[in-house]
Amino acid sequence: RASKAIGYSWGIAEEIGKSVRILEMFNLPGISTLNQYLKKIKNKHPKKLKNILKINKSDEELCPIYTGVSILDNCNQLEDFKKIKFSNINYPLLIIPFLSRSSEIINKPIHAILDEGKFILNSNKTILTNIEKSNDFKNTKELTIEFSENKNLFTDIEWKELYKLSENTFVPESDSLKNSA
């Protein structure tokens, strides 16, 4: 409701609630970051990002919420870019849950690099980061989003060897087994 009171639509406010819950679930400061951001924009509601390009530069601070919703709504098309850059994102921690949910939709890991900090988001199940909790997450000069490809870390030979080993668990076929099937 606080997000609606600031000027976001009910639909966006619902997305904000889901996102803050995800941050808190992963022990990241979602509520305090949202509170700080809403206080900052109270008298000047941010503009929406019209189109996401491979490189998104702005003299104005970009809204992490509108940007995050736009990424979430268009993630299937945006993954074709492989890499997207944004400059001047305000309170960038708030964009992370939208990327996490996008990762689940496209079923691929997403890497987010905020200046020197890195996040790896995997199917809305895990968020790994090297950023210390002491970071205030107020703004970043550059955010880079990389869509990863799913790759096997094993060879075909290794897979076949494991399958061959698993054959030891198979029950030999008998006439009584054939009749019961």
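Residue numbers restart at each chain and count upward from 1, following the sequence in its written direction. Local features in a predicted model are, by the rule used here, given only for residues with pLDDT of at least 70; side-chain atom pairs are given and counted only at 80 or more, and totals for whole chains, interfaces and linings are based on all residues. Working from all heavy atoms in the structure, the side-chain values ignore hydrogens and water.

Caption draft 1: Layout of the overall build of the protein chain. Along the backbone of the protein chain there are 7 helices and 6 strands. Listed N to C, the secondary structure of the protein chain is α-α-α-β-α-β-α-β-β-β-β-α-α in terms of helices and strands. Put simply, the protein chain has 181 residues, and 41% of those count as buried. In the protein chain, once contacts between residues fewer than 6 apart in sequence are set aside, the share between residues at least 24 apart is 70%. When the accessible surface of the protein chain is split by element, carbon and sulfur atoms take 51% of a total near 11600 Å². Here the protein chain carries 27 positive and 23 negative side-chain charges, and the mean point of each set is 9 Å from the other. Helix numbering and strand numbering both begin at the N terminus, where a helix is a DSSP run of H or I of at least 4 residues and a strand a DSSP run of E of at least 2. Remark: exposure states derive from per-residue accessible area (1.4 Å probe, protein chains only) relative to the maximum for the residue type, with buried under 20%, exposed over 50%, and partly exposed in between. The contact definition used throughout considers only heavy atoms, calling two residues in contact when any of these lie within 4.5 Å. For accessible areas, the Shrake-Rupley method is used with a probe of radius 1.4 Å. Any residue's cover is judged against the shown protein chains and nothing else. Counted charges follow a simple rule, with Lys and Arg positive, Asp and Glu negative, and His plus the chain ends left uncounted. Where a charge sits is defined by one atom per residue type, namely NZ (Lys), CZ (Arg), CG (Asp) or CD (Glu).

Caption draft 2: Examining the packing of helix H2 (residues 10-25) against helix H3 (residues 30-41) more closely. Axis definition: a line fitted to C-alpha atoms, limited for helices to the stretch in contact. Angles are taken between N-to-C directions and run from 0 to 180 degrees. Two elements in contact, H2 and H3, have axes whose closest approach is 8 Å; the angle formed by their N-to-C orientations is 135°. On the basis of their axis angle, the class for H2 and H3 is oblique. Along the contact surface, H2 presents Ile16, Val20, Leu23 and Glu24, while H3 presents Gly30, Ile31 and Leu34. Of the residues contributing to the contact of H2 with H3, the split by class is 5 nonpolar, 1 polar and 1 charged. Every angle not falling under 35 degrees, over 145, or within 65 to 115 is termed oblique; those three ranges are roughly parallel, roughly antiparallel and roughly perpendicular. Note that Gly is not counted as nonpolar here; it falls among the polar residues with everything else outside the nonpolar set of Ala, Val, Leu, Ile, Met, Phe, Trp, Tyr, Cys and Pro and the charged set of Asp, Glu, Lys and Arg.

Caption draft 3: Highlighting the pattern of salt bridges. Here, a salt bridge means any side-chain nitrogen of Lys or Arg that lies within 4 Å of a carboxyl oxygen of Asp or Glu. Per the stated rule, a full pass over the model turns up 12 salt bridges. When the shortest N-O distance is used, the salt bridge between Lys164 and Glu167 registers 3.5 Å. Residue Glu167 is classed as partly exposed on the basis of its relative accessible area of 30%. Three or more residues joined by partner-sharing salt bridges are found here, namely Glu14, Glu15, Lys18 and Arg101.

Caption draft 4: Spatial organisation of the nonpolar core. Core analysis: the largest hydrophobic core is formed by 44 residues, its most contacted members being Tyr8, Ile65, Phe86, Ile96, Phe119 and Ile145. Counting residues per element, the ones that place at least two in this core are H2, H3, helix H4 (64-78), strand S2 (83-90), helix H5 (96-106), strand S3 (110-114), strand S4 (117-122) and strand S6 (139-147). For this core, the element with the most residues is H4, which contributes 7 residues. Other than its neighbours up to four places away in sequence, Tyr8 contacts Ser3, Ala13, Ile16, Tyr37, Leu38, Ile41, His45, Pro46, Cys63, Ile65 and Tyr66. Here, nonpolar core refers to any group of buried Ala, Val, Leu, Ile, Met, Phe, Trp, Tyr and Cys residues whose side-chain atoms link them within 4.5 Å.

Caption draft 5: Structural detail: the environment of Glu61. With respect to the secondary-structure elements, Glu61 resides in the loop between strand S1 (55-56) and H4. Linking Glu61 and Glu142, residues 81 residues apart in sequence, is a C-alpha distance of 11 Å. Nitrogen and oxygen atoms within 3.5 Å of one another constitute a polar contact, given that in protein one can donate a hydrogen and the other can accept it, and given that sequence-neighbouring residues count only through two side-chain atoms. Within the local environment of Glu61, its side chain forms a polar contact with the side chain of Lys40, the two groups lying 2.8 Å apart. Side chain to side chain, Glu61 and Asn90 meet in a polar contact 2.9 Å long.

Caption draft 6: Local environment of the pairing of S2. As judged from the 2 bridges shared by S1 and S2, these two strands associate in the parallel manner. Residue pairing in the sheet places Asn56 in a bridge with Phe86 of S2. If you view a crossover with the strands going away from you and the path from the first strand over the helix to the second runs clockwise, you call it right-handed. Assessed by its sense of winding, the connection that carries the chain from S1 through H4 to S2 is right-handed. Here the rule is simple: two strands pair whenever DSSP picks up at least two bridges between them.

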